[in-house]
Amino acid sequence: MRYIISFITTLLITLAAHADNDWTYYADKLDAAIAGRTKYLTLKESRINNLKQLAGNCNEPTRQYTLNEKLINEYMNYSLDSALHYALKNRELALTTHNDSIITNSEITIAHIYNSTGLMPKEAYEILTRLDRHSMQGPTIKQYCILALQIYYNLANQAFDPGIRSQYKATAQAYRDSALRLSPDNEIILANKYIEEGNYKMALQTVFLEDGLSTTDAAARYHVLAQIYGLQNNSAMQKKYLAQAAWCDMVNGVREYMALQELARILYDEGDTGRAYKYIHQSISDAIACNARSRMLEMSKTIPIIDADYNRKQAETNMMLYAACACIGVLSVLLLAIAVYVHKRNRKLQAAKQMQEELNRRLELSYTEQQQLNERLQTLNENLLQANHEWQSMNGELQQANRIKEEYVTQFMNLSSEYLSKMESYRNNLLKIASQRNFDQLYDTIKSSRRLEKEINDFYAKFDEAFLHLFPTFVDDFNKLLLPECRIKPKHDERLNTELRIFALQRLGITDSEKVAKFLRCSFSTIYNYRTKMKNRAIDRDEFEEKIMNLP
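Residues numbered from 1 in each chain as written. Predicted model: local features only at pLDDT ≥ 70, side-chain atom pairs only at ≥ 80, totals over all residues. Heavy atoms only, no water.

Caption draft 1: Summary view of a positive patch on the surface. Together, K344, R345, R347 and K348 make up a region of like positive charge exposed at the surface. Tracing the sequence through the fold places R345 in helix α16 (residues 302–435). With a relative accessible area of 46%, R345 lands in the partly exposed category. (Patch = residues over 30% accessible without salt bridge, like charges linked within 9 Å, V, L, I, M, F, W, Y side chains within 5 Å. Areas by Shrake-Rupley, 256 points an atom, 1.4 Å probe, with all protein chains shown as cover. Salt bridge = Lys/Arg side-chain N within 4 Å of Asp/Glu carboxyl O. Lys, Arg positive; Asp, Glu negative; His and termini not counted. Charge placed at Lys NZ, Arg CZ, Asp CG, Glu CD. Helix = DSSP H or I, 4+ residues; strand = E, 2+ residues; numbered from the N terminus. Buried < 20%, exposed > 50% of the residue type's maximum accessible area, 1.4 Å probe, protein only.)

So, in structure tokens, the structure goes:
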């Protein structure tokens, strides 16, 4: 049971919130239409002026009568004086035609205007009783019944004697039934009948229509719907449809209406005095402009009440504003005193803060200097480590260079000793031949180059052996620097060839092409071509020579 009660409570709160949101939407929409009232009235005046121009330029009575009827329809809810003016002109035109139907129509229109003012029911009644109902046909009899219905309802509302009021009301209901027989599709009259009978469900079904329509017919139906919901004590729906009816009146330039003033009374009862004040004054302003005296009389009782309450609330608001201003003044003085005190305190705090900042700055400077000193010491240590590393690297290079020098000095001494022995043997052989005075053999021996070539080959073999002893992986390491398809493979009887010897000498530090050319007994251009060719075959041309110097 507890959950059911909670659910119902939540549902009611949700519905109430939804209703409030709906009302806010329609109220804002109506307020916007009131704010743009001048624009809608200008459109109305434009339509009226166009009809006036057409009527003024028309000389044909029947056509002019039709145009005057259109002007009367425009003026009926806009300016009753102007509507009566054109109705009287139409009666004059009708009398010239000698057409009973047109004359009757003009009289019905005048009676309708008299009745709409609310102050001429007697004159309207006299016209009604003067008309011959039995001679009427078609639309004329329908208009007659509707006019009679409206006149008798108006007389019933103004009657002081209850008996007379009942008679007028009964007569009005009789004419209503006649009007419904002649016009069964008149939903407004049918709905009012259901309302009088208390059949609100059928009344709602008769005039119900969707929201947001803006025609004058929609305004009338919205007003009837509001009346039905008001009789059912459904204030939310009543306000909604009154707001929509009033919105239709505003956008259609209507000045004679009931919806906005009824909505003003409801809002006043609910405590929304601001909107009630605005709506009732808009209603009275339009009623005065339209000369709808019955509406002015209806509102004459309501306006003073709403104005008095509005002025009272304005006075209360002003008093609250004065009190608020006084409080603000006192608070301003207090705030000024507090501001002075705070300013003085802030100055002291600022001075203390500056002293603290100065102390912090000095401490920070000391800390910064200490950091700088540490950074310098760290940089010095790094430099020392780097120098030590460079020294170790240089020492290794020097040791390697010393080893190479020792190897080559040993090889040079051995090679020089061998050459001395060979030169001694060669000299003894020449002496032996010369002592035998065998000059032809001596000449052939001296001229022959086989011995020299053998010595050169032996020299290169010794060089290759000595170099590869120092750099045993030179050939493989050198080939790794070249493209795979360009790598060098010495012949089976060679350890190094000429190309390899050029870069072997470069690895030993001999980079002068002229010295290399003399060592290898070839031309300078040959050395240059070999070097260029090998560089073009290298994987990394830019660092090729540097990588050769770093081969292990």
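Caption draft 2: Highlighting the pattern of salt bridges. On inspection of all chains with the given rule, the structure shows 18 salt bridges. E196 is paired through a salt bridge with R176; the nearest N and O atoms lie 2.7 Å apart. Here R176 lies in helix α8 (residues 162–182) and E196 lies in helix α9 (residues 187–197), a separation of 20 residues in the sequence. Overall, E196 belongs to the partly exposed group, its relative accessible area being 35%. Residue classification places R176 among the buried positions, given a relative accessible area of 7%. Among the ionic pairs, D540 bridges to K547, the shortest N-O distance being 3.6 Å. Residue K547 is classed as partly exposed on the basis of its relative accessible area of 33%. Shared partners join several salt bridges into a network, and the residues in it are D28, D31, D272, R275 and K278.

Caption draft 3: Layout of unusual backbone geometry. Phi is positive for H98, close to 60 degrees, though the residue is something other than glycine. Its place among the elements puts H98 in the loop between α4 (80–97) and α5 (100–117). Look at R521: it is not a glycine, yet its phi comes out positive at around 55 degrees. The topology assignment puts R521 in the loop between α21 (513–520) and α22 (524–536). For R521, a relative accessible area of 58% gives the class exposed.

Caption draft 4: Quick look at a nonpolar patch on the surface. On the surface, V330, L331, L334, L335, I338, Y341 and V342 cluster together to form a nonpolar patch covering roughly 680 Å² of accessible area. Relative to the assigned elements, Y341 resides in helix α16. Exposure remark for Y341: the relative accessible area of 52% places this residue in the exposed category.

Caption draft 5: Local environment of the side chain of N90. Locating N90 in the fold gives a position in helix α4. For N90, a relative accessible area of 2% puts it in the buried group. Once residues lying within four places of it in the same chain are set aside, the contact partners of N90 are Q64, Y65, N68, E69, I72 and S106. (Contact = heavy atoms within 4.5 Å.)

Caption draft 6: Broad picture of the packing of α21 against α22. It is at 8 Å that the axes of α21 and α22 come closest, and there the two elements cross at 110 degrees. In terms of orientation, α21 and α22 fall into the roughly perpendicular class. Along its contact with α21, which presents S513, E514, V516, A517 and L520, the element α22 presents F524, I527 and R531. Taken together, the residues of the contact of α21 with α22 break down into 5 nonpolar, 1 polar and 2 charged. (Axes fitted to C-alpha atoms, helices over the stretch in contact; angles between N-to-C directions. Parallel < 35°, antiparallel > 145°, perpendicular 65-115°, else oblique. Nonpolar A, V, L, I, M, F, W, Y, C, P; charged D, E, K, R; others polar.)

Caption draft 7: Spatial organisation of the packing of helix α3 (residues 61–76) against α4. Relative to each other, α3 and α4 sit at 160 degrees, their axes nearing to 8 Å. With respect to their mutual orientation, α3 and α4 come out roughly antiparallel. Handedness of the α3/α4 crossing: left-handed. Contacts between α3 and α4 involve P61, Q64, Y65, N68, E69, L71, I72, Y75 and M76 from the first element and L80, S82, A83, Y86, A87, K89, N90, L93 and A94 from the second. (Left-handed = near helix turned anticlockwise from the far one by under 90°.)

Caption draft 8: A look at the packing of aromatic side chains. Inspection of the entire model under this criterion finds 20 aromatic pairs. Ring geometry for Y229 versus Y241: centroids 5.7 Å apart, planes at 0 degrees, classification stacked. Placement of Y229 in helix α11 (residues 216–231) and of Y241 in helix α12 (residues 235–251) is noted, with a sequence separation of 12 residues between them. There is no split in this pair, since Y229 and Y241 are both buried. Note on F467 and F471: the rings are 5.0 Å apart at their centroids and 40 degrees apart in plane angle, and the pair reads as tilted. (Phe/Tyr/Trp six-rings, centres within 6.5 Å; stacked < 30°, edge-to-face > 60°.)

Caption draft 9: Geometry of the nonpolar core. Membership of the largest hydrophobic core comes to 47 residues, with the highest contact counts inside it found for L30, Y222, L260, L263 and Y279. Take this core: its biggest share by element is 9 residues, from α12. Among all residues touching Y222, those that are not within four sequence positions of it are L209, E210, D211, G212, L213, Y241, Q244, A245 and C248. Core analysis: the next-biggest nonpolar cluster, separate from the first, contains 38 residues, L41, Y86, L131 and L147 among them. (Core = buried A, V, L, I, M, F, W, Y, C linked by side-chain atoms within 4.5 Å.)

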